[in-house]
Amino acid sequence: MDDKTILKRISELVDEEHRLRTEAQANEEGTDEESRNRLRDLAESLDQCWDLLRRRRAARTTHGDPDAQGVRPAPEVARYLQ
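Everything numeric here is computed off the predicted structure, so don't read it as measured data.

Visitor: It is not clear to me how the pattern of salt bridges should be interpreted in this structure. Could you clarify?
Guide: Where charged atoms of side chains with opposite charge meet at close range, the side chains can pair. Inspection of every chain in the model, using the stated rule, returns 12 salt bridges. For E16, the salt bridge identified is with R19, shortest N-O distance 4.0 Å. In this pair, E16 and R19 both sit in helix α1 (residues 3-26), three residues apart, roughly one turn of the helix. Residue classification places R19 among the partly exposed positions, given a relative accessible area of 42%. Ionic pairing is found between R40 and D41, a salt bridge with its closest N-O pair at 3.7 Å. Judged by its relative accessible area of 45%, R40 falls in the partly exposed class.

Visitor: How do you make sense of the nonpolar core when you look at a structure like this?
Guide: Inside soluble globular proteins, nonpolar side chains tend to come together where they are buried. Judged by nonpolar contacts, I6, I10, L13, L20, L39, L42, L46, C49, L52 and L53 together constitute the single largest core of 10 residues. It is helix α2 (residues 33-61) that provides the largest number of residues to this core, a total of six residues. Not counting residues within four places of it along the chain, the set of residues in contact with I6 comprises M1, C49, L52, L53 and R56.

Visitor: I would appreciate a short explanation of α2 in the present structure.
Guide: The α-helix advances 3.6 residues per turn, and as a result positions three or four apart in sequence lie on the same side. Under the 1.5 Å per step criterion, the end-to-end length of α2 is 42 Å for 29 residues, consistent within 8% with the ideal 42 Å. Where α2 is concerned, the buried positions are S35, L39, L42, L46, Q48, C49, D51, L52, L53, R55, R56 and A59. Lining the buried residues of α2 we find α1 and α3 (74-78). Of the residues flanking the end of α2, it is H63, one or two places downstream, whose phi is positive at about 65°.

What counts, and at which threshold
- Residues numbered from 1 in each chain as written.
- Predicted model: local features only at pLDDT ≥ 70, side-chain atom pairs only at ≥ 80, totals over all residues.
- Heavy atoms only, no water.
- Salt bridge = Lys/Arg side-chain N within 4 Å of Asp/Glu carboxyl O.
- Helix = DSSP H or I, 4+ residues; strand = E, 2+ residues; numbered from the N terminus.
- Buried < 20%, exposed > 50% of the residue type's maximum accessible area, 1.4 Å probe, protein only.
- Core = buried A, V, L, I, M, F, W, Y, C linked by side-chain atoms within 4.5 Å.
- Contact = heavy atoms within 4.5 Å.
- Expected span 1.5 Å × (residues − 1).

Structure representation (structure tokens):
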């Protein structure tokens, strides 16, 4: 996966997140469980994408191979401090 593809995926995830949050605000009862679960999944996926993009850029900066970087598991990425 190249940087352009990762950035496109981030954009898609953010768009979906915004759509769900807008729908939740319009719904007087708030966010249903399915939407809350999807929002959590979106946040995890976004964290993974941003992590991968940062590591690819770091590898390129240090003359490493950005293509050698892979997606880390969500629980591993979730423990990082931003």
